[in-house]
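Here is what each chain is made of, one letter per residue.
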Amino acid sequence: MSNHIENGQVRVLGIDLGKSVFQLHGVDARGKSVLKQRLKRDKLLEFMAQLPPCLVGMEASSGAHHWARKFQGYGHEVRLMAPQYVKPYVKRHKNDSVDAEAICEAVQRPNMRFVGIKSVAQQEILSLHRIRSLAVKNRTALVNQIRGLLAEYGIVFPKSIKQARRAIVLILSDESSEMSANFRVILEDERDELAHLDERIGKYEREIEALAKAEPQCRLLMTIPGVGPITATALLASVGDVRAFKNGRELSAWIGLVPNQHSTGGKAWLTGISKRGNGYLRTLLIHGARAALRVCENKPDRRSQWAVSVSERRGANRAVVALANRMARSAWAMLVKQEAYGASAAV
C-alpha cells in the first residue's frame, strides 16, 4: 500500500465499477490527486478494508448497492449517484480512469443528488417484483402468439387473458375445425405453458401480498385508493427512507410524474410528464390511478370530485396522471407523519 494511503491522505475516493476490474481515483483534503489505481474484483475488498475511512463515491449501477454496504462495514461514508449526474464532470474522452476521476469530482459537489443505499431486504422485494414482471410479459407474449397462430385458421377471440384461456379450451374441444392433429399438440403445449405462467404469477403475487400484510408501512399505504400490495411494496422498497425527499412533490418528481419544464427568458413552458426515475413504479401508480378514477364518480369526497372534474375538463388520461401524482404525494405525507389516508395526509 502506498504512503498516501498509509498516512490517511485519501479523503475522497471515486470508484468506477466494473464486472472484474475497478478503477480508483483518490484526492486529499486539498483536492490534489494522490491515488490512481486499478484493482481486480478479488482485491477490492482487501484494499478498502485497509484504507482509512473516507468519502467513497460510485455510480448507482449494477452491484453498486452491494459494494456500498460492504464499504460501509469498513467505516467509509458511501454515496451513490445517478450516472447522468456524473457525466457532466467527464473532462475528455471516456475511459475507466477518466470516469473514476469524474465520480470523485461529482461526489464532492454540495448540490449533488444522491441515491439511497438499499438494504438486502429491499433488494429481495424488488427482485420478486422483477421476476413477476418478466413472467407477466412472457404470458402476454404467449397469448399474442396464440392469437396470431389461431388467426391463420380464421379463429379470433376477444383481447384478455381470461378470454384466451376460455377460447383455447373451446377450440381444443371442437373436433370439427380444420386444425391438424399436429397443430392440436402444439396448441396443447401452449395451453400448458400458459397455465404454468399463471401458476408462477399467482405464486409471486401471494408472496408479495404476504409481505405487504406483514409490513405496517405497506398496510398504511394500502389505505390510499388505487394502491394495493404490489404498488405498496414496490414503493416502499424503491424509496427506502422517504425523508430523503423534502416534500411530496420531490417524490413525485423523482418518480417522473411532474410536467417537464422548458423555460428561458422568464417564460415557462410545461410539457408532458418527465418520465424520469423509476418507470416500473410510475407504471404501477398510473394503473392504480386509472382503477381509482373509474369509481370516483360514485364518491362524494373532495379528491374524487376533483379527479372527475379534471377528467371532464382535460380528458381521462391527464386525470389519471394527475391522480397518480397526488397518490405519490399522499404516500410521502403518510409515511412521514405515520397517519392513515385522510384529509390530513392528502397533499
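Predicted model only: the values in this text are computed from it and were never measured.

Asker: What should I look at first to understand the packing of aromatic side chains in this one?
Answerer: Each aromatic ring pair is summarised here by two numbers: the centre-to-centre distance and the angle between the ring planes. One pass over the structure, following the stated rule, counts four aromatic pairs. Measuring from centroid to centroid gives 4.6 Å for Tyr153 and Phe183, while their planes differ by 40°, and the two rings are tilted. With a gap of 30 residues between them, Tyr153 in the loop between helix H6 (120-151) and helix H7 (161-173) and Phe183 in helix H8 (residues 181-214) connect regions that are remote in the sequence. Site record: aromatic cluster; members linked through ring pairs are Phe22, Trp67 and Phe71. Positioned over the ring face of Trp306 is Arg326, at 4.4 Å from the centre of the ring.

Asker: How should I be thinking about the sheet that holds strand S5 (residues 77-81) in this particular structure?
Answerer: Pairing between the strands of a sheet comes from backbone hydrogen bonds, and it takes one of two forms, parallel or antiparallel. Spatially, five strands are ordered S3-S2-S1-S4-S5 in an open sheet, and the strand pairing comes out mixed. Bordering the open sheet on either side are strand S3 (33-40) and S5, each of which pairs with just one other strand. Within the sheet, the average angular offset between the axes of one strand and its neighbour, ignoring direction, is 20°. Where strand S1 (residues 12-16) lies against strand S2 (residues 21-27), five bridges are found, and the strand directions are antiparallel. Within S2, the residue paired with Val12 across the bridge is Val27.

Asker: For this particular structure, what's the right way to read the pattern of salt bridges?
Answerer: Charged atoms that come close allow side chains of opposite charge to pair. Tallying each qualifying case throughout the model produces 12 salt bridges. The partner of Glu77 in a salt bridge is Arg79, with the nearest N and O atoms 2.7 Å apart. By relative accessible area, Glu77 is classed as partly exposed at 42%. Taking the shortest distance from any N to any O, the salt bridge between Glu205 and Arg132 comes out at 3.2 Å. Linking Glu205 in helix H8 with Arg132 in helix H6, this pair joins segments that are 73 residues apart in sequence. Arg132 sits in the buried class, given a relative accessible area of 14%. Residues participating in the shared-partner salt-bridge network are Lys91, Arg92 and Glu101.

Asker: Whenever I open this one, the pairing of S5 confuses me. Can you help?
Answerer: Across a regular strand the side chains alternate sides, sitting on one face of the sheet and then on the other. Sheet topology places strand S4 (residues 55-59) next to S5; five bridges connect them, and they run parallel. If you follow Glu59 over to S5, its bridge partner there is Met81. Once you follow S4 into helix H3 (residues 64-73) and on to S5, the crossover reads as right-handed.

Asker: Whenever I open this one, the environment of Arg219 confuses me. Can you help?
Answerer: Take Arg219: it is sitting in helix H9 (residues 216-221). Not counting chain neighbours up to four residues away, the residues in contact with Arg219 comprise Ala212, Lys213 and Ala214.

Asker: What should I look at first to understand the environment of Phe114 in this one?
Answerer: With respect to the element layout, Phe114 can be found in the loop between helix H5 (96-106) and H6. Since its relative accessible area comes to 34%, Phe114 is described here as partly exposed. Considering only alpha carbons, one finds Phe114 and Arg79, 35 residues apart in sequence, at a separation of 6.4 Å. In this structure Phe114 touches Arg79, Leu80, Met81 and Val107, once residues within four positions along its chain are discounted.

Asker: Even after reading the chapter, I still don't get the UniProt feature "domain: Transposase IS116/IS110/IS902 C-terminal" (unreviewed entry) in the chain, so can you show me in this structure?
Answerer: When the UniProt feature table is mapped onto this chain numbering, "domain: Transposase IS116/IS110/IS902 C-terminal" (unreviewed entry) sits at residues 218-295. Here residues 218-295 is 50% helix and 17% strand, with 23 Å between the C-alpha atoms at its ends.

Asker: How should I be thinking about the nonpolar core in this particular structure?
Answerer: The nonpolar side chains of soluble globular proteins are, as a tendency, buried together. With 44 residues, the main nonpolar core has Leu221 and Ile255 as its most contacted residues. At the level of secondary structure, the elements contributing two or more residues to this core comprise H6, H8, H9, helix H10 (229-239), helix H11 (248-255), helix H12 (279-294), helix H13 (302-314) and helix H14 (316-337). For this core, the leading source of residues is H14, giving 11 residues. Taken domain by domain, the makeup of this core includes at least three residues from each of domain 2 (120-214) and domain 3 (219-263 + 273-337). In this structure Ile255 touches Leu235, Arg276, Gly277, Asn278, Leu281, Arg282, Leu285 and Ala328, once residues within four positions along its chain are discounted. Listed in part, the 22 residues of the second largest apolar core include Val10, Phe22, Leu35 and Leu51.

Asker: Help me understand the domain arrangement of the chain in this model?
Answerer: Interfaces are often sized by the accessible area lost when the parts come together. On domain assignment, one finds that the chain holds domain 1 (12-115), domain 2 (120-214) and domain 3 (219-263 + 273-337). One C-alpha centre belongs to domain 1, the other to domain 3; they are set 34 Å apart.

Asker: Looking at this structure, how should I read unusual backbone geometry?
Answerer: Excluding glycine, most residues fall at negative phi; most peptide bonds, likewise, are trans. Residues other than glycine seldom take positive phi values, yet Gln338 does so here, at roughly 55°. With respect to the secondary-structure elements, Gln338 resides in the segment after H14. Judged by relative accessible area, which is 46%, Gln338 ranks as partly exposed.

Asker: Explain the layout of surface pockets to me, please; I cannot follow it from the model alone.
Answerer: One number sums up the size of the largest pocket: a volume of about 1,500 Å³. Residue assignment for the lining of the largest pocket shows that the elements contributing at least two residues are helix H4 (83-86), H6, H10, H11 and strand S6 (259-264). Per-element accounting of the lining of the largest pocket gives the leading share, six residues, to H6. Considering only residue class, the lining of the largest pocket consists of 16 nonpolar, 15 polar and eight charged. In this model, the second largest pocket occupies a volume close to 400 Å³. What lines the second largest pocket is a set of 16 residues, among which Pro259, Ile273, Arg318, Val321 and Ala322 lie closest to the centre. Broken down by secondary-structure element, the contributors of at least two residues to the lining of the second largest pocket are strand S7 (267-273), H13 and H14. For the lining of the second largest pocket, the element with the highest residue contribution is H14, accounting for seven residues.

Parameters at a glance
- Residues numbered from 1 in each chain as written.
- Predicted model: local features only at pLDDT ≥ 70, side-chain atom pairs only at ≥ 80, totals over all residues.
- Heavy atoms only, no water.
- Phe/Tyr/Trp six-rings, centres within 6.5 Å; stacked < 30°, edge-to-face > 60°.
- Helix = DSSP H or I, 4+ residues; strand = E, 2+ residues; numbered from the N terminus.
- Lys NZ or Arg CZ within 6 Å of the ring centre and 35° of its normal.
- Pairing = 2+ DSSP bridges.
- Axes fitted to C-alpha atoms, helices over the stretch in contact; angles between N-to-C directions.
- Salt bridge = Lys/Arg side-chain N within 4 Å of Asp/Glu carboxyl O.
- Buried < 20%, exposed > 50% of the residue type's maximum accessible area, 1.4 Å probe, protein only.
- Right-handed = clockwise from strand over helix to strand, strands pointing away.
- Contact = heavy atoms within 4.5 Å.
- UniProt positions renumbered as here; feature names shortened; annotations may be inferred.
- Core = buried A, V, L, I, M, F, W, Y, C linked by side-chain atoms within 4.5 Å.
- Domains from an automatic or database assignment.
- 1 Å grid on protein atoms, 1.4 Å probe; cavity = no way out; pocket = protein on both sides within 12 Å on 5 of 7 lines; lining within 4 Å.
- Points joined across faces, edges and corners; volume = space filled by probe spheres on them.
- Nonpolar A, V, L, I, M, F, W, Y, C, P; charged D, E, K, R; others polar.

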